[in-house]
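A look at the structure
What follows is each chain in one-letter form.
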Amino acid sequence: MNKSVHVEATLLSTPSSHISKRMNLTSVVISVAIALLGMLLVYFSLDMDESSSTLSMVLLTLGTALILVSLYRIFWKSSEIVYAPTGSTITEGSYYIETEKLSTLQRLLEEKNFDQTISVKQTGNGRLDYMVSKDGHFAAVQLFHFVPYTYEPYSGIYYYTDADATALKNYLETFKY
């Protein structure tokens, strides 16, 4: 059965009222510390008496690399997605399954019945994208199937809160490759 759902947005790209982005202060502080260390190394490499020495070049290269790493961390890795009501961090991921299992998994998600075991793989023609809060009070999932060159939505987005989210989180933790 080749089923397609015409959904404009997908789970990982759709904004939701349940989730928000915020700056991870710890990550920003670590990034600033790395940048300061990099600047210190660059300063020492330029301050050395013999600027053509190997040590000077190593310090300059290492300092520049640290500054670039800190900039990457600040601009791309310093924000995190959180469940707004509790402030709990959300983890995202995907599991791959066989296409034949998509309808079974969709039925389980609709019924909120997380008893049946589904085998997952490293790759596959079916995909389950998920978002789960660390405290277990929020979860969202969406199914996709592979058509040539891309994954298209197989289902809409399912949102779960409180007990249903905890049950889904526990269910996802049972998946093994």
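Our subject in this report is the structure included herewith. (Residues numbered from 1 in each chain as written. Predicted model: local features only at pLDDT ≥ 70, side-chain atom pairs only at ≥ 80, totals over all residues. Heavy atoms only, no water.)

Turning to its location among the elements, Leu 11 is positioned in the segment before strand S1 (19-23). Residue classification places Leu 11 among the buried residues on the basis of a relative accessible area of 3%. C-alpha of Leu 11 to C-alpha of Tyr 158: the two residues are 147 residues apart in sequence and 8.9 Å apart in space. (Helix = DSSP H or I, 4+ residues; strand = E, 2+ residues; numbered from the N terminus. Buried < 20%, exposed > 50% of the residue type's maximum accessible area, 1.4 Å probe, protein only.)

Counted by the stated rule, this structure contains five salt bridges. Among the salt bridges present, the one from Glu 98 reaches Lys 121, with a minimum N-O distance of 2.4 Å. Highlighted residues: Glu 98 in the loop between strand S3 (88-97) and helix H3 (102-111) and Lys 121 in the loop between H3 and strand S4 (126-133), separated in sequence by 23 residues. The exposure class assigned to Lys 121 is partly exposed, which follows from its relative accessible area of 38%. A salt bridge links Arg 107 to Glu 111, with the nearest nitrogen and oxygen atoms 3.7 Å apart. With Arg 107 and Glu 111 both in helix H3, this residue pair falls four residues apart, about one helical turn. (Salt bridge = Lys/Arg side-chain N within 4 Å of Asp/Glu carboxyl O.)

Right, let's talk about the layout of surface pockets for a bit. Approximately 170 Å³ is the volume found for the largest pocket. Along the wall of the largest pocket there are twelve residues; nearest its centre are Thr 14, Pro 15, Ile 19, Lys 21 and Ile 81. Class assignment of the residues belonging to the lining of the largest pocket gives a composition of six nonpolar, four polar and two charged. (1 Å grid on protein atoms, 1.4 Å probe; cavity = no way out; pocket = protein on both sides within 12 Å on 5 of 7 lines; lining within 4 Å. Points joined across faces, edges and corners; volume = space filled by probe spheres on them. Nonpolar A, V, L, I, M, F, W, Y, C, P; charged D, E, K, R; others polar.)

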